[in-house]
Amino acid sequence: MTLVSDPPFTVPPPTAIHEVRLPDGDGVTVRRHGNPDGPRIVLSHGNGFAADSYYLVWGRLLDEFDVMVFDLRNHGWNGVGNVMRHNVPQFAKDLDYVTGEVRSHFGQKPTLGVFHSTSALAACLSPSLAKGYEGLFLLDPPLCKPGITYARLDASGAWMARRARRRTVRFESLEKFVWMMEVVGGTFFKPVAGGWELLGRSTFGEEPDGGWVLRCPREYEAHIAEYVSAFGVVVELTRLQCPVRVLGADPTLPYSFIPSFNLRVLVECDYDFIPEATHLLFLEKPDVCAARIRAFAARCGLVLP
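About the cut-offs
Residues numbered from 1 in each chain as written. Predicted model: local features only at pLDDT ≥ 70, side-chain atom pairs only at ≥ 80, totals over all residues. Heavy atoms only, no water. Helix = DSSP H or I, 4+ residues; strand = E, 2+ residues; numbered from the N terminus. Expected span 1.5 Å × (residues − 1). Buried < 20%, exposed > 50% of the residue type's maximum accessible area, 1.4 Å probe, protein only. Arc of directions from axis to C-beta. Contact = heavy atoms within 4.5 Å. Salt bridge = Lys/Arg side-chain N within 4 Å of Asp/Glu carboxyl O. Pairing = 2+ DSSP bridges. 1 Å grid on protein atoms, 1.4 Å probe; cavity = no way out; pocket = protein on both sides within 12 Å on 5 of 7 lines; lining within 4 Å. Points joined across faces, edges and corners; volume = space filled by probe spheres on them. Core = buried A, V, L, I, M, F, W, Y, C linked by side-chain atoms within 4.5 Å.

### Brief notes about helix 10 (residues 286–299)
Thought 1: Helix length check: helix 10 (14 residues) gives 20 Å between terminal C-alpha atoms against 20 Å at 1.5 Å per residue, within 8%.
Thought 2: Of the positions making up helix 10, those classed as buried are P286, C289, A290, I293, R294, F296 and A297. In an axial view of helix 10, the angular spread of the buried residues amounts to 170°, which keeps them on one side of the axis.
Thought 3: Downstream of helix 10 by a residue or two, G301 has a phi angle that is positive, lying close to 85°.

Below, the structure written as structure tokens:
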């Protein structure tokens, strides 16, 4: 099994890069890592993050899987386009298009989709209903808690949008970002050692003078936060055309999400959670996330020949 090195973590260079031109002209950079002979994993991220932030998870899967990572439009490695095309329905269309481009460029093979938060919601709303996957593994998707009201959902979205609009756009050094996250988030979020630095290197871009600038503009992040709750209430997991596994944050913690208003859906959904993990479970419990992904992939028949 591939072991992720000790911190500071360095995301390895991809073995291949494919530039996908979306129908509206925006671009998405797909990066290939891992075992080209293994079954495929396609992975993307949550609002304001980047796929490289999840290296502690997908880096543990490189011996067994052909791993394709990509950032949602206007995030990470991608350029910044029009904010009016920065929305959940567009992400859902993009996801189908990018996955189709991966199949066309790298060849057909059994594929597992691994998506967190906003990209998980996009996968649930994809026009294809996830028909091109052998399975979907969704990390803490922003679906609705049982019994939560629309008013509370709207209030939660507005709160997240206000926080996004107050995000610091530029840091003089990565060390200052890490220090701020340890001070501000340290009482609630508990990433593994080196996790904040990995997050900073993935979501900020280094400037020639040594400063670090946010890659996804904070107004774009806020735009998603304001409307994400409206889409979280319409998801019907049973309509998807492949098995679905949901791994959530600890539901006893604030701002965790459990599928649907209706407890009946929990019976229909293959759902579990990680105790004492928050929405940043990919930084807090990456070994558990990777092990659960590996187990679900095997259940879906995705194993090395």
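### Looking at the side chain of H33
Thought 1: Of note, H33 is situated in strand 2 (residues 27–34).
Thought 2: By relative accessible area, which is 4% here, H33 ends up buried.
Thought 3: Excluding residues within four positions of it along the chain, H33 makes contact with P12, P13, P14, T15, W58, L62, F65, D66, V67 and V69.

### Let's talk about unusual backbone geometry
Thought 1: With a phi close to 55°, S117 is a non-glycine residue in the positive phi region.
Thought 2: You can see S117 is positioned in helix 3 (residues 117–124).
Thought 3: Even without a glycine there, the phi angle at E276 is positive, about 65°.
Thought 4: Examined against the element boundaries, E276 turns out to sit in the loop between strand 11 (270–273) and helix 9 (281–284).
Thought 5: Here E276 falls in the exposed class, since its relative accessible area comes to 67%.

### What about the pattern of salt bridges?
Thought 1: In total, this model carries 21 salt bridges according to the counting rule given.
Thought 2: D66 is the partner of K109 in a salt bridge, and the nearest nitrogen-oxygen pair spans 3.1 Å. Linking K109 in the loop between helix 2 (88–106) and strand 5 (111–116) with D66 in strand 4 (residues 66–70), this pair joins segments that are 43 residues apart in sequence. Each of the two residues, K109 as well as D66, counts as buried.
Thought 3: A salt bridge links R292 to D272; its shortest N-O distance comes to 3.3 Å. Remark: D272 occurs in strand 11 and R292 occurs in helix 10; sequence separation between them is 20 residues.
Thought 4: Given the relative accessible area of 26%, D272 is considered partly exposed.
Thought 5: A network of salt bridges, in which partner residues are shared, links D24, D26, R73, R85 and D94.

### Focus on the sheet that holds strand 7 (residues 170–171)
Thought 1: The three strands are arranged 7-9-8 in an open sheet whose pairing can be described as antiparallel. Bordering the open sheet on either side are strand 7 and strand 8 (204–206), each of which pairs with just one other strand.
Thought 2: As paired elements, strand 8 and strand 9 (residues 212–214) share three bridges and run antiparallel to each other. Pairing of G205 across the sheet is with V213, part of strand 9.

### With respect to the layout of surface pockets
Where empty space is left in the structure can be found by rolling a water-sized probe over the atoms.
Thought 1: When its volume is computed, the largest pocket comes out at roughly 1100 Å³.
Thought 2: Surrounding the largest pocket, 38 residues form its lining, F49, W159, R163, F189 and E221 being those nearest its centre.
Thought 3: Of all the secondary structure elements, the ones that give two or more residues to the lining of the largest pocket are helix 3, helix 4 (150–165), helix 5 (174–184), helix 6 (195–203) and helix 7 (218–232).

### Digging into the nonpolar core
Proteins that are soluble and globular tend to have nonpolar side chains buried together.
Thought 1: I41, L43, W58, L112, V114 and I293 are the most contacted members of the largest nonpolar core, which totals 45 residues.
Thought 2: No other element matches helix 10, which puts five residues into this core.
Thought 3: Leaving out residues up to four positions away in the same chain, I293 has contacts with I41, V57, L61, L112, V114 and F137.

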